[in-house]
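# Architecture at a glance
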Amino acid sequence: MAKNPCPPCEEGLPAWMGTFADMMTLLMCFFVLLFAMSSLDPVKMQQMQQAAQKKLGLKNESAPKLIKNELEIQTELKEIVEELDIDEKAKVTRDPRGIAIEFDGSICFASGTTNLTPELKRILGTVIDRLNVGNDLRPILVEGHSDNVAPSGSIAKKYPTNWHLSTARAGEVTRYLIEQGVMAGRLVAGGYADQWPNKANYVARRMGKINQTYIDQANLTREDRQANRRIKVVFQTRKL
């Protein structure tokens, strides 16, 4: 008895392969989007690179200086404050953006001007020598702050409000940092006038808790006003 012949085979791939290929394409697009939206930690990337080179026995004589992590930046800034004996004029703080060093108004600018004092230049120079690494692209925020007393006299003609004055002072610090070798693309300058008193933290500002009553209470004494007339330099280590 003759066997039945095999049915002719269909040409091409099986039908389920089309659905499978579509699913793989969508998954690939999903992971590409995740990677595009992610923020790579430059410190960890550099550590991984150096660990791989060490494992492979490779020596890179021209390797750049290590990018400092958040704790190292904080430690370095505190050491600078201690070494320069400016504990009463500068302080190191931390907020959700990263690590900051704040300079009291008494050492920042001559009264009624935007000219940096020699002392502030000396301190900034030391900070940049220690923390400016060529392959570190993380932002540095330069903030100008003021008390609640409006500019008067001759300076008011050029800077009619504290918004103008605080922004101009932040701009002068930024210009000086660029002159000292900091990449301009890293620097972000901004003036906050009297809207961010020294005693108010980052969360209070973001939550809208700084109203006019708060500002008035934060500027009652001469010492309060002097503390509010400050420059703050934030080394941003976190992406908000």
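Before any of the text, the structure's been laid out above.
Our next topic: the packing of aromatic side chains. Tallying each qualifying case throughout the model produces 2 aromatic pairs. Between Tyr192 and Trp196, the aromatic rings sit 5.3 Å apart at their centres with planes inclined by 80°, giving edge-to-face as the arrangement. Both residues of the pair, Tyr192 and Trp196, count as buried. Taken together, a centroid distance of 6.3 Å and an interplanar angle of 45° make the contact between Trp196 and Tyr202 tilted. Each member of the pair, Trp196 as well as Tyr202, is classed as buried. An aromatic cluster is built from Tyr192, Trp196 and Tyr202, whose rings are joined through pairwise contacts.

The next subject is the packing of helix H4 (residues 118-131) against helix H6 (residues 162-179). Packing of H4 against H6 brings their axes to within 11 Å, and their N-to-C directions diverge by 50°. For the element pair H4 / H6, the angle class is oblique. When the axes of H4 and H6 are compared, the crossing they make is right-handed. Seen from H4, the contacting residues are Leu120, Lys121, Leu124 and Ile128; seen from H6, they are Val173, Tyr176 and Leu177.

Taken together, the side chains of Glu79, Glu82, Asp85, Asp87 and Glu88 present a region of like negative charge at the surface. Considering the arrangement of structural elements, one finds Asp87 in the loop between helix H3 (70-83) and strand E1 (90-95).

By the definition in use, this model includes 2 cavities of 30 Å³ or more. Estimates place the volume of the largest cavity at around 60 Å³. If you add up the space inside the second largest cavity, you get close to 30 Å³. As for the second largest cavity, its lining consists of Ile73, Asp136, Arg138, Pro139, Ile140, Arg186, Phe235, Gln236 and Thr237.

Before going further, it helps to examine the side chain of Asp104. Along the chain, Asp104 falls in the loop between strand E2 (98-103) and H4. Lacking a salt bridge, the buried Asp104 has Arg229 as its closest oppositely charged neighbour, with an N-O distance of 6.9 Å. A polar contact of 2.8 Å, which involves the side chain of Asp104, links it to the side chain of Ser106. Sequence-distant contacts of Asp104, that is, excluding residues within four places in its chain, are made with Lys89, Gln226, Ala227 and Arg229.

Pairing is mixed in the open sheet, where 5 strands are placed in the order E1-E2-E5-E3-E4. Only two strands of the sheet have a single neighbouring strand rather than two, namely E1 and strand E4 (187-191). Averaged over neighbouring strand pairs, the angle between their axes works out to 20° when direction is ignored. Of the strand pairs in this sheet, E2 and strand E5 (residues 231-236) are connected by 6 bridges, and their pairing is antiparallel. If you follow Ala100 over to E5, its bridge partner there is Val234.

On to unusual backbone geometry, then. Phi is positive for Asp85, close to 55°, though the residue is something other than glycine. Structurally, the position occupied by Asp85 is in the loop between H3 and E1. Notably, Ala193 is not glycine yet its phi reads approximately 50°, a positive angle. Positionally, Ala193 belongs in the loop between E4 and helix H7 (202-206).

Across soluble globular proteins, you tend to see nonpolar side chains buried next to one another. Of all hydrophobic cores here, the largest spans 31 residues; its most connected members are Leu77, Phe103, Leu124, Val173, Leu177, Val233 and Phe235. Taken together, the elements giving at least two residues each to this core come down to H3, E1, E2, H4, strand E3 (140-144), H6 and E5. Looking at this core, the element that brings in the most residues is H4, giving 6 residues. With near-sequence residues (within four places) excluded, Leu124 lies in contact with Phe103, Leu116, Val173, Tyr176, Leu177 and Val233. With 6 residues, the next largest nonpolar core counts Tyr192, Trp196, Ile210 and Ile215 among its residues.

Moving on to the pairing of E5. Residues in a regular strand project their side chains so that they alternate between the two faces of the sheet. For E5, the buried fraction is high: 6 of the 6 residues fall into the buried class. Here E5 shows no split at all, with Ile231, Val233 and Phe235 on one side and Lys232, Val234 and Gln236 on the other all buried. In this sheet, E5 lies alongside E3 in antiparallel orientation, the contact comprising 5 bridges. Bridge pairing links Glu143 to Lys232 in E5.

Analysis parameters
Going along each chain's sequence as written, the residues are numbered from 1 onward. Reporting in this predicted model follows two pLDDT cut-offs: at least 70 for local features of residues, and 80 or more for side-chain atom pairs to be given and counted; totals over whole chains, interfaces and linings ignore these cut-offs and use all residues. Only hydrogens and water are removed before side-chain values are computed, so all heavy atoms of the structure are retained for them. Here a Phe, Tyr or Trp ring, Trp counted by its six-membered ring, pairs with any other such ring whose centre lies within 6.5 Å, and the pair is stacked when the planes are under 30 degrees apart, edge-to-face when over 60, and tilted otherwise. Each residue is assigned to one of three classes by its accessible area relative to the maximum for its type, calculated with a 1.4 Å probe on protein chains only: buried under 20%, partly exposed between the two thresholds, exposed over 50%. A fitted line through C-alpha atoms represents every axis, and for helices the fit uses only the stretch in contact; the resulting angles, taken between N-to-C directions, go from 0 to 180 degrees. Numbering of helices and strands runs from the N terminus, with a helix taken as a DSSP run of H or I at least four residues long and a strand as a DSSP run of E at least two residues long. Orientation is classified from the angle alone, with under 35 degrees giving roughly parallel, over 145 giving roughly antiparallel, 65 to 115 giving roughly perpendicular, and any other angle giving oblique. Whether a crossing is left-handed or right-handed is set by the direction in which the near helix is turned from the far one by less than a right angle, anticlockwise for left-handed and clockwise for right-handed. We call two residues contacting when some pair of their heavy atoms lies within 4.5 Å. Patch building starts from residues that exceed 30% relative accessible area and form no salt bridge, then joins like charges within 9 Å and nonpolar side chains (Val, Leu, Ile, Met, Phe, Trp, Tyr) within 5 Å. Using a 1.4 Å probe, accessible areas were evaluated by the Shrake-Rupley method; residue-level cover was limited to the displayed protein chains. Any Lys or Arg side-chain nitrogen found within 4 Å of a carboxyl oxygen on Asp or Glu counts as a salt bridge. A residue counts as positive if it is Lys or Arg and as negative if it is Asp or Glu; His and the chain ends are not included. Note on charges: their place is set at NZ of Lys, CZ of Arg, CG of Asp or CD of Glu. Cavity and pocket criteria rest on a 1 Å grid covering protein atoms alone: a 1.4 Å probe that fits but cannot get out defines a cavity, protein on both sides within 12 Å along at least 5 of 7 lines defines an open pocket, and an atom within 4 Å of a point defines a lining residue. Grid points are joined across faces, edges and corners, and a volume is the space filled by probe spheres set on the points. A 3.5 Å cut-off defines polar contacts: any pair of N or O atoms within that distance qualifies, except that in protein one atom must be a possible hydrogen donor and the other a possible acceptor, and neighbouring residues in sequence count only when both atoms are side-chain atoms. In this analysis, strands are considered paired if DSSP registers two or more bridges between them. Among buried residues, those of type Ala, Val, Leu, Ile, Met, Phe, Trp, Tyr and Cys that are joined through side-chain atoms within 4.5 Å constitute a nonpolar core.

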